[in-house]
Amino acid sequence: MVNWTTKSEQNSARFDIERSDDGTNFIKIGQVLAAGYSTNLRSYQFPDVNAPKSLLFYRLKMVDADTRYKLSPVRIVTKAGGSIQDFLLYPNPAISYVHIALTEAASKELQVQVTNQLGQMVKTTWVSAGTQLIKLDVSALPKGIYAVRITGDQVTTVKKLMIR
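Being a predicted model, the structure only gives us computed values, none of them experimental. (Residues numbered from 1 in each chain as written. Predicted model: local features only at pLDDT ≥ 70, side-chain atom pairs only at ≥ 80, totals over all residues. Heavy atoms only, no water.)

Any chance you could explain the overall build of the chain here in plain terms?
Within the chain one finds zero helices and 16 strands. Its C-alpha atoms give the chain principal-axis dimensions of roughly 60 × 30 × 25 Å. A burial count over the chain gives 38% of its 164 residues as buried. Averaging the locations of the 20 positively and 13 negatively charged side chains of the chain gives two centres separated by 4 Å. (Helix = DSSP H or I, 4+ residues; strand = E, 2+ residues; numbered from the N terminus. Buried < 20%, exposed > 50% of the residue type's maximum accessible area, 1.4 Å probe, protein only. Lys, Arg positive; Asp, Glu negative; His and termini not counted. Charge placed at Lys NZ, Arg CZ, Asp CG, Glu CD.)

Can you walk me through the packing of aromatic side chains in this structure?
One pair of aromatic rings is described through two measures. These are the centre distance and the angle between the planes. For the structure shown, the criterion picks out four aromatic pairs. Relative to Tyr44, the ring of Trp4 has its centre 5.6 Å away and its plane inclined at 10 degrees; by these criteria the two rings are stacked. Of this pair, Trp4 sits in strand S1 (residues 2-6) while Tyr44 sits in strand S6 (residues 42-46), and the two are 40 residues apart along the sequence. When the ring of Phe57 is compared with that of Tyr90, the centres are 5.3 Å apart and the planes differ by 75 degrees; the resulting orientation is edge-to-face. Taken together, the residues Phe57 in strand S7 (residues 55-64) and Tyr90 in strand S10 (residues 87-90) connect sequence positions 33 residues apart. Accessibility classification places Phe57 together with Tyr90 in one group, the buried group. An aromatic cluster of at least three residues, connected via ring pairs, comprises Trp4, Phe15 and Tyr44. Its guanidinium or amino end placed over the ring of Phe26, Arg59 lies 4.1 Å from that ring's centre, counting from NZ or CZ. The lysine or arginine in question, Lys61, covers the ring of Tyr69, its NZ or CZ lying 4.2 Å from the ring centre. (Phe/Tyr/Trp six-rings, centres within 6.5 Å; stacked < 30°, edge-to-face > 60°. Lys NZ or Arg CZ within 6 Å of the ring centre and 35° of its normal.)

How should I be thinking about unusual backbone geometry in this particular structure?
Leave glycine aside and you will find that most residues have negative phi; peptide bonds, for their part, are mostly trans. A cis amide bond, omega -10 degrees, links Tyr90 with the succeeding residue Pro91. Mapped onto the fold, Pro91 is located in the loop between S10 and strand S11 (97-102). Backbone torsion omega between Asn92 and Pro93 reads 15 degrees, so that peptide bond is classified as cis. Mapped onto the elements, Pro93 comes out in the loop between S10 and S11. One non-glycine residue, Asn11, lies in positive phi territory at about 70 degrees. Note on placement: Asn11 falls in the loop between strand S2 (9-10) and strand S3 (12-20). The class for Asn11 is partly exposed, based on a relative accessible area of 21%. The residue Thr67 is not glycine, and still its phi comes out positive at about 75 degrees. Here Thr67 shows up in the loop between S7 and strand S8 (69-71). Residue classification places Thr67 among the exposed positions, given a relative accessible area of 62%.

What should I look at first to understand the pairing of strand S14 (residues 133-137) in this one?
Look at any regular strand and the pattern is simple: side chains alternate between the two faces of the sheet. The alternating pattern of S14 places Ile134 and Leu136 on a buried face, while none of Leu133, Lys135 and Asp137, on the opposite face, is buried. When S11 meets S14, the two strands line up antiparallel, connected through five bridges. Counted as the bridge partner of His99 is Lys135 from S14. (Pairing = 2+ DSSP bridges.)

Help me out: how do you make sense of the sheet that holds S11 in this one?
Strands pair in a sheet through their backbones, by hydrogen bonds, and they do so in one of two ways: parallel or antiparallel. Spatially, S10-S11-S14 is the arrangement adopted by the three strands of the open sheet, whose pairing is antiparallel. Among the strands making up the open sheet, the edge pair consists of S10 and S14. The mean inter-strand angle of the sheet, taken between neighbouring strand axes irrespective of direction, is 20 degrees. (Axes fitted to C-alpha atoms, helices over the stretch in contact; angles between N-to-C directions.)

Even after reading the chapter, I still don't get the side chain of Ser72, so can you show me in this structure?
Its location among the elements puts Ser72 in the loop between S8 and strand S9 (75-78). A distance of 2.8 Å separates a polar side-chain atom of Ser72 from the backbone nitrogen of Leu60. Other than its neighbours up to four places away in sequence, Ser72 contacts Arg59, Leu60 and Met62. (Polar contact = N/O pair within 3.5 Å; in protein donor to acceptor, adjacent residues only side chain to side chain. Contact = heavy atoms within 4.5 Å.)

And the structure:
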């Protein structure tokens, strides 16, 4: 269920609900009509009954009556049954930065290591408890293929990252 509230509305027409499975490419999955004009707190919701994956990204496209729009911040959601240790890298291939989206907020401190094809650690950082999205600067790394390893609580997950 996608839920949101507005404190006030002026000239609002609708909310387009957009979903992505990679954090970059969003598609419209539904629409909810807006109040138009309101000075009161209003609550809205949209059921996403066909959510295909365990890690999803959502945003709202708030469209005015004159067709101008604004995009909400992206929210990351994990469906029930998702793996807490799994993560997504995007964009991949990366150029100057990569986002690491954990399927759930870290319950404890995690270590992120980036290694090159020779197995040499070229970057490392710590993720504090409660974090779900990390922006990692990779601009100083040469083009190539790397392994991104997240370690915590005796579990390690590795994904391939390409830098171009």
